[in-house]
Amino acid sequence: MSGTQVFEGIVGNRVVQSVLERALRSGEIPHAYLFHGPEGVGKRTVARRFGAALVTGGEAAAFERALRGLHPDLTEVEPEGAFTTIGQVREVLRLAASRPFEGERRVFVLRADTLNVQAANALLKTLEEPEGGVVFLLLAASRGAVLPTIASRAQSLRFDPVPREEVARFLAERGCREPDLAAALGRGSVGLALRYAEERELQELREAVLDAVLGPLRDFEDVHRAAGRIAGLAGKVGEKREREALSAVEGPDRAARERARRAGRAARDGAVREALGLLSTVYRDAAAIAAGAPELVINIDREEELRRVVREREGVDWAEAAVRAGEAAFDLAYNVSPEAILEVTLSELRRKTSGNSPGW
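Conventions adopted
Residues numbered from 1 in each chain as written. Predicted model: local features only at pLDDT ≥ 70, side-chain atom pairs only at ≥ 80, totals over all residues. Heavy atoms only, no water. Pairing = 2+ DSSP bridges. Helix = DSSP H or I, 4+ residues; strand = E, 2+ residues; numbered from the N terminus. Axes fitted to C-alpha atoms, helices over the stretch in contact; angles between N-to-C directions. Core = buried A, V, L, I, M, F, W, Y, C linked by side-chain atoms within 4.5 Å. Buried < 20%, exposed > 50% of the residue type's maximum accessible area, 1.4 Å probe, protein only. Contact = heavy atoms within 4.5 Å. Salt bridge = Lys/Arg side-chain N within 4 Å of Asp/Glu carboxyl O. Polar contact = N/O pair within 3.5 Å; in protein donor to acceptor, adjacent residues only side chain to side chain. Domains from an automatic or database assignment. Left-handed = near helix turned anticlockwise from the far one by under 90°. Nonpolar A, V, L, I, M, F, W, Y, C, P; charged D, E, K, R; others polar.

Novice: For this particular structure, what's the right way to read the sheet that holds strand β1 (residues 32–36)?
Specialist: Strand-to-strand pairing in sheets goes through backbone hydrogen bonds, with the strands running parallel or antiparallel. Across the sheet, which stays open at both edges, the 5 strands sit in the order β2-β3-β4-β1-β5 with parallel pairing between neighbours. The open sheet has two edge strands, β2 (74–76) and β5 (155–158), and neither has a second partner. This sheet shows a mean twist of 15° between the axes of neighbouring strands, independent of strand direction.

Structure below.
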């Protein structure tokens, strides 16, 4: 199995794929890589495929087994809630100190930007003095989110957003409806674009956000209802993820139910972050239209409504509103309720974007 076959079908970031293909051909593999870049641009997919190739030597049947999570030498560590804990890292280090079960290497995939300080320090010693057959594939949303002592001991490879045209072509080949719209909404993420093309829950969430921005929020009750609707739809995303996690386990015990609950909460919070991200895109679209750059619009199916809003609300700093909507997602880190975050954000943005239009 060639390096090209290992990454077959992966969209975007061909430079990164070429670097890893050369490493597989040469056999010169660093003991640690840091794959960093925005969410949804292929870091995890590439890591799993690269890791599968490393532990199987490219043997096709074993490679497919590794991709299904059934190879004992390829371990992916999921954070427990917001963090990868020291207990999880200690288990990784215990496994790393033992010989591979089947191949010449053991490979571990971890989210480096979720390591707490104790976990990062525990991992550091192994990164400084690695075992011969161990490779760590570390993932992070940005290099700056990783402790410098960890980042400096890994080969960094940056993953960039995938061009909209490339994503649209990929979606069209899969038979997705409205591939151009889904690609635009993906904002460089193939995974997010696929979700917009296929998940009714995410489509409904977007409609609720657009209604909150493009429709009139006349008073606090309107804002309260809009925030509640968005939060409720985000909650449905979380409930669906929790059900999926439980259905994947036969006879779930208390620990499995707790993992499913955490997965559901993470999915809910992710949907709230996406709602705030969508909120930001709508204001960015308005800023682009006001600046005479409609080619930058993301919500391409609502461009005429956006033009109307820009005409009606004179003197609005749309770019500032977009920044504020994007910043609101950070409040989730403080365990503030999603509905409260949405309510405060919508109220503030309603004031910022009322312009000179009466009734706003």
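Moving on, there is more to tell.
Novice: Before we go on, may I ask you to explain the nonpolar core in this structure?
Specialist: Proteins that are soluble and globular tend to have nonpolar side chains buried together. Within the largest apolar cluster, 62 residues are counted, with the highest numbers of intra-cluster contacts made by L171, I230, L276, L279, Y283 and L346. With 11 residues, helix α13 (residues 254–290) is the single largest residue contributor to this core. If sequence neighbours within four positions are ignored, L276 has contacts with A325, A328, A329, I341, L342 and T345.

Novice: Could you clarify how one ought to interpret the pattern of salt bridges in this entry?
Specialist: Oppositely charged side chains can form a pair if their charged atoms are brought close together. Applying the stated criterion across every chain, the model contains 28 salt bridges. The salt bridge involving E199 is made with R195; its shortest N-O contact spans 3.1 Å. Judged by its relative accessible area of 30%, R195 falls in the partly exposed class.

Novice: Explain unusual backbone geometry to me, please; I cannot follow it from the model alone.
Specialist: Unusually for a residue other than glycine, N13 sits at a positive phi of about 50°. Relative to the elements of secondary structure, N13 occurs in the loop between α1 (3–6) and α2 (14–26). Of note in the backbone geometry, R187 takes a positive phi value of approximately 50° without being a glycine. Here R187 shows up in the loop between α9 (179–186) and α10 (190–198).

Novice: Teacher, can you tell me more about the side chain of K43 here?
Specialist: With respect to the helices and strands, the residue K43 is situated in helix α3 (residues 43–56). A polar side-chain atom of K43 sits 2.8 Å from the main-chain carbonyl oxygen of P38. For K43, the contacting residues outside a window of four places in its chain are F35, H36, G37, P38, L139, A140 and F159.

Novice: When you look at the domain arrangement of the protein chain in this model, what are you seeing that I'm missing?
Specialist: Many descriptions give the size of an interface as the accessible area lost when the pieces come together. Partitioning the protein chain into structural domains gives domain 1 (14–158) and domain 2 (199–353). A straight line from the C-alpha centre of domain 1 to that of domain 2 covers 33 Å.

Novice: Mind showing me how you'd approach the packing of helix α12 (residues 220–247) against α13 here?
Specialist: Describing two packed helices takes the angle between their axes plus the distance from one axis to the other. For the pair α12 and α13, interaxial distance at closest approach is 7 Å and the crossing angle is 150°. Two packed elements cross with a definite hand, and for α12 against α13 that hand is right-handed. Across the interface between the two elements, I230, A234, G235, V237, G238, R241, E242, A245 and L246 of α12 pack against A256, R257, A260, R261, A263, G264, A267, R268, A271, V272 and A275 of α13. Partitioned by chemical class, the residues of the contact of α12 with α13 number 12 nonpolar, 3 polar and 5 charged.

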